[in-house]
Amino acid sequence: MAVPVAFFALFFAYPVTAIVGRGLKAEGDWQFGRIGEVLSRPDILDVLWFTTWQALASTALTLLIALPGAYVFARFDFPGKQVLRAVVTVPFVLPTVVVGTAFLALLGRGGLLDELWGFRLDTTVWAILLAHVFFNYAVVVRTVGGLWSQLDPRQEEAARVLGAGRFAAFRRVTLPALAPAVAAAALMVFLFTFTSFGVVQILGGPAYSTLEVEIYRQTAQLLDLPTAAVLTLVQFAAVGGILAVHAATVRRRERALKLVDPAQTSRRPRGVGQWALLGGVLLTALLLILLPLGVLVERSFDGPGGYGFGYYEALQSVGAGGSSTFLVPPLEAVGNSLRYALVATLIALVVGGLAAAALTRRAGRLVRGFDALLMLPLGVSAVTVGFGFLITLDKPPLDLRTSWILVPLAQALVGVPFVVRTMLPVLRAVDDRLREAAAVLGASPLRAWREVDLPLVRRAVLVAAGFAFAVSLGEFGATVFIARPDNPTLPVAVARLLGRSGELNYGQAMALSTILMLVCAVSLLLLERIRTDRSGEF
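The paragraphs below set out a description of the structure included in this document. Bear in mind that the values here come from a model prediction, so they are computed numbers and not experimental data.

Rules behind the numbers
- Residues numbered from 1 in each chain as written.
- Predicted model: local features only at pLDDT ≥ 70, side-chain atom pairs only at ≥ 80, totals over all residues.
- Heavy atoms only, no water.
- Helix = DSSP H or I, 4+ residues; strand = E, 2+ residues; numbered from the N terminus.
- Buried < 20%, exposed > 50% of the residue type's maximum accessible area, 1.4 Å probe, protein only.
- Contact = heavy atoms within 4.5 Å.
- Areas by Shrake-Rupley, 256 points an atom, 1.4 Å probe, with all protein chains shown as cover.
- Patch = residues over 30% accessible without salt bridge, like charges linked within 9 Å, V, L, I, M, F, W, Y side chains within 5 Å.
- Salt bridge = Lys/Arg side-chain N within 4 Å of Asp/Glu carboxyl O.
- Lys, Arg positive; Asp, Glu negative; His and termini not counted.
- Charge placed at Lys NZ, Arg CZ, Asp CG, Glu CD.
- Expected span 1.5 Å × (residues − 1).
- Bend = angle between axes of the 7 residues up to and from the residue.
- Phe/Tyr/Trp six-rings, centres within 6.5 Å; stacked < 30°, edge-to-face > 60°.
- Axes fitted to C-alpha atoms, helices over the stretch in contact; angles between N-to-C directions.
- Parallel < 35°, antiparallel > 145°, perpendicular 65-115°, else oblique.
- Left-handed = near helix turned anticlockwise from the far one by under 90°.
- Nonpolar A, V, L, I, M, F, W, Y, C, P; charged D, E, K, R; others polar.

Examining the overall build of the chain
- The secondary structure content of the chain amounts to 25 helices and 4 strands.
- Counting only residues that meet the buried cut, the chain has 54% of its 538 residues in that class.
- Put simply, of all contacts in the chain between residues at least 6 apart along the chain, 80% involve residues at least 24 apart.
- Total accessible area computed for the chain in this model is approximately 22900 Å², and 64% of it derives from carbon and sulfur atoms.

This is the structure in structure tokens:
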């Protein structure tokens, strides 16, 4: 636990504590009375209520729509499966401002639905919920589907032979085994929707505001740092309570499972029902994932003179069309993002892998509490983390403001929880007797881990690496404050272009977003091929 504890203490707890402390101090004295004043305001209470119920509704809707997809990807083998798995993960890395704009073009005034049927959903909560499902569909599919594909189907078949119906066998055999993975996926979806910013701001308009939106408004627009600090504490406390309840609930449900080669559990659909389920999942992916992405691509080619590559060509020069948005050609952001994401993925795998290995031992309350603390970066305002980096990492021995490593460190903070939540259910499902048998035969702890644990969790490691790489590519909230003007990342470059008026800037933003989407899709497809090629080694 030493490395994960040190990492989170230096690059999460220290910056967040510093920025909150500045907000609650006045002339050197703590102003704790400010907390009660802020929380008694009716407008703040409305923000708290909307933040909570929309996150619950988004989580429930995501599970309802994505769990059938997790089953299809885990149990069915069909043409284009690897490509589709990569495609459904792409939305997860897109900056929220881009997704909000794409859904606005689809659901808003003058959008596709408005043009075809005069139907609009912008400035309604339904647009927010659909966009949240779009974002988090892959979280459920990959987290739950990764474990589901390794469960031995013969256990459920044995229950049916003994007289249980299809639903009863699933409820009594498969669902309890999947419960930790389902809970982990639900937790991640809830945290992302609880802290939603760009989607709510663009699609909800002034009528809806989450805690994250309000923190940004109080910090950047009203310059009210004390109110922002109080809201950050509220968000921190709420997320901490949720994580504590989750840790206690999942711990009671975890048990050793018999894991098998995923190739043994995947087969072609049989029967009308299975083909109908596959068709329903494909239709959902088409309408929910591909349609908004298609609108995004179409806008990137739709120039003033008709369809063409004009916006992409403009990305190769500085100040195209009289714009001074960048010090370097916007296209350089592609290479920057790939380099940063690779380093962030390596950091997240090392820190998250060590944390997951420590949590597997379940050694005391300290370790169990650390399980919940690892998820806090997903529930704390990215605005707070970004500002905290600027005011704390500015003097020796941690003067990193001018160092390139600062961006990967901020991205890894978001990637570590995904590594832990992806690897932990699989690690805890490994039977301890296998490790004990290896020890009896003379294997050292390191060799026992290499010979027993690693072959069983290699799939989870690759899935975790894919998640860490994806979230690092799309991280925006903290990176926007620390990325240097001469080394922007793709999300930061897109946000800068969207923040400027003009058709050329908007078109370049759509072009960069399309490039980001393609880079993510190709990376995930390569990961899928590596994972499939090695699946026979389990």
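As for a positive patch on the surface
- Together, Arg 160, Arg 166, Arg 267 and Arg 270 give the surface a local cluster of positive charge.
- As for its position among the elements, Arg 160 is in helix α8 (residues 153–161).

Quick look at helix α20 (residues 406–429)
- With 24 residues, α20 should reach 34 Å at 1.5 Å per residue; the first-to-last C-alpha distance of 35 Å fits that figure.
- Of all bends in α20, the biggest is about 35 degrees, found at Leu 413, and the proline Pro 417 comes one to four residues later.

Observations concerning helix α14 (residues 271–301)
- For α14, which comprises 31 residues, the first-to-last C-alpha distance of 42 Å matches the rise-based estimate of 45 Å (1.5 Å per residue) to within 8%.
- By the burial criterion, the buried members of α14 are Gln 274, Leu 278, Val 281, Ala 285, Leu 288, Ile 289, Pro 292, Leu 293, Val 295, Leu 296 and Ser 300.

Some points on the pattern of salt bridges
- Taken as a whole and judged by the stated rule, the model has 1 salt bridge.
- The residue Arg 41 makes a salt bridge to Asp 43 at a minimum N-O spacing of 3.1 Å.
- What makes Asp 43 partly exposed here is its relative accessible area of 34%.

Describing the packing of aromatic side chains
- Evaluated as defined, the whole model comprises 14 aromatic pairs.
- When the ring of Phe 301 is compared with that of Tyr 312, the centres are 5.1 Å apart and the planes differ by 35 degrees; the resulting orientation is tilted. Of this pair, Phe 301 sits in helix α14 while Tyr 312 sits in helix α15 (residues 310–314), and the two are 11 residues apart along the sequence.
- Of the residues examined, Phe 301 reaches a relative accessible area of 25% and is grouped as partly exposed.
- Exposure remark for Tyr 312: the relative accessible area of 15% places this residue in the buried category.
- One aromatic cluster in this structure is built from Phe 7, Phe 8, Phe 11 and Phe 12.

Some points on the environment of Ile 405
- By the secondary structure assignment, Ile 405 is in the loop between α19 (382–392) and α20.
- If sequence neighbours within four positions are ignored, Ile 405 has contacts with Val 343, Ile 347 and Leu 400.

Section: a nonpolar patch on the surface
- The grouping of Leu 283, Leu 286, Leu 287, Leu 290 and Leu 291 at the surface amounts to a nonpolar patch, some 420 Å² of accessible area in total.
- Its place among the elements puts Leu 287 in helix α14.

Overview of the side chain of Thr 59
- With respect to the helices and strands, Thr 59 occurs in helix α3 (residues 42–75).
- For Thr 59, a relative accessible area of 8% puts it in the buried group.
- Discounting residues that sit within four places of it in the chain, Thr 59 has contacts with Ala 186, Val 189, Phe 190 and Thr 193.

Focus: the packing of α3 against helix α7 (residues 125–148)
- Running from N to C, α3 and α7 cross one another at 45 degrees; their axes reach a closest spacing of 6 Å. Taken as axis vectors, α3 and α7 run oblique relative to one another. The chirality of how α3 crosses α7 is right-handed.
- Across the contact of α3 with α7, the residue classes tally to 21 nonpolar, 7 polar and 1 charged.

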